Amino acid sequence: MKLSRQFFLFTIGGVIGFVVDAGLAQALVSWCEWNAYYARLVSIPVAATATWLWNRQQTFKNNGSGRGLFSEWLHWMALMGVGALVNYGTYAALLMAFPMLHHWPALATAGGSFVAAVFNFSTARLMLFKGAKTSV
């Protein structure tokens, strides 16, 4: 699959992940009165799982990881965990710089997600889904 098509599909997965991440964080803050920092500790892994599901079925469907399902998910979570640190660091910096975002974490989530997107694509493509898929 061409790199531009993979990046396009990865971007769709990122949008799905953002909706899950921002939606869950906003719901936890608005409806459950959670702290904005703690809400992301829940929303990020849920969103990462959603993006893994999309990307393994769409973006990298012609590339195998050579791993079992659970092992692939764990590897994805570990690799995306580095991007999540970049994401969360940007998010926290935005919350500190703009205190009103504590009530609107979805906006700060957008900033963190944008910064981490290119890093996550490169990591997924070059480190996990790097081989041609053999058989399922």
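Keep in mind that this is a model prediction, so the values were computed, not measured. (Residues numbered from 1 in each chain as written. Predicted model: local features only at pLDDT ≥ 70, side-chain atom pairs only at ≥ 80, totals over all residues. Heavy atoms only, no water.)

Undergrad: Give a description of the overall build of the protein that names residues and reports values.
TA: Across its full length, the protein holds four helices and two strands. What you see in the protein, going N to C, is helices and strands ordered as α-α-β-α-α-β. Taking 136 residues into account, the globule formula puts the C-alpha radius of gyration at 14 Å, and the protein, at 15 Å, falls close to it. Of all 136 residues assigned to the protein, the portion counted as buried reaches 38%. Nonlocal contacts in the protein, meaning residues at least 24 apart in sequence, comprise 74% of its contacts between residues at least 6 apart. For the protein, the exposed area adds up to about 7600 Å²; of that, 71% sits on carbon and sulfur atoms. (Helix = DSSP H or I, 4+ residues; strand = E, 2+ residues; numbered from the N terminus. Rg over C-alpha atoms; globule rule 2.2 N^0.38 Å. Buried < 20%, exposed > 50% of the residue type's maximum accessible area, 1.4 Å probe, protein only. Contact = heavy atoms within 4.5 Å. Areas by Shrake-Rupley, 256 points an atom, 1.4 Å probe, with all protein chains shown as cover.)

Undergrad: Give me the side chain of N120: which residues, what numbers.
TA: Among the secondary structure elements, N120 is positioned in helix α4 (residues 105-128). Judged by its relative accessible area of 15%, N120 is buried. Here N120 is in contact with F10, M80 and G83, once residues within four sequence places are set aside.

Undergrad: Please set out the side chain of S113 residue by residue, giving values where relevant.
TA: Tracing the sequence through the fold places S113 in helix α4. With a relative accessible area of 19%, S113 lands in the buried category. Once residues lying within four places of it in the same chain are set aside, the contact partners of S113 are F18, D21 and N87.

Undergrad: Outline the packing of aromatic side chains, listing residues and values.
TA: This model, assessed by the stated rule, comprises five aromatic pairs. Residues F60 and F129 carry aromatic rings whose centres are separated by 4.7 Å and whose planes lie at 10 degrees to one another, so their mutual orientation is stacked. Placement of F60 in the loop between α2 (36-57) and β1 (63-64) and of F129 in the loop between α4 and β2 (131-132) is noted, with a sequence separation of 69 residues between them. Residues F60 and F129 agree in their burial class; the two are buried. Grouping aromatic residues by their ring pairs yields a cluster made of F10, F60, W76 and F129. Positioned above the aromatic ring of Y91 is the side chain of R40, whose terminal nitrogen or guanidinium carbon lies 4.5 Å from the ring centre. (Phe/Tyr/Trp six-rings, centres within 6.5 Å; stacked < 30°, edge-to-face > 60°. Lys NZ or Arg CZ within 6 Å of the ring centre and 35° of its normal.)

Undergrad: Tell me about the environment of L53, and name the residues and values.
TA: Inspection of the secondary structure puts L53 in helix α2. Judged by its relative accessible area of 46%, L53 is partly exposed. Through-space distance from the C-alpha of L53 to that of L85 is 21 Å; in sequence the pair is 32 residues apart.

Undergrad: Lay out helix α1 (residues 3-30) in plain terms, naming residues and giving numbers.
TA: Between its terminal C-alpha atoms α1 stretches 39 Å, which fits the 40 Å expected from 28 residues at 1.5 Å a residue. Residues of α1 that are buried: Q6, L9, F10, G13, G17, D21, A22, A25, Q26, A27, L28 and V29. As for α1, its buried residues are in contact with α2, β1, α3 (69-97) and α4. (Expected span 1.5 Å × (residues − 1).)

Undergrad: Let's hear about unusual backbone geometry: which residues, and what values?
TA: Despite not being glycine, E33 has its phi angle at roughly 55 degrees, a positive value. Looking at the element boundaries, E33 is found in the loop between α1 and α2. E33 sits in the exposed class, given a relative accessible area of 72%.

By themselves, these figures tell us nothing about what the structure is for.
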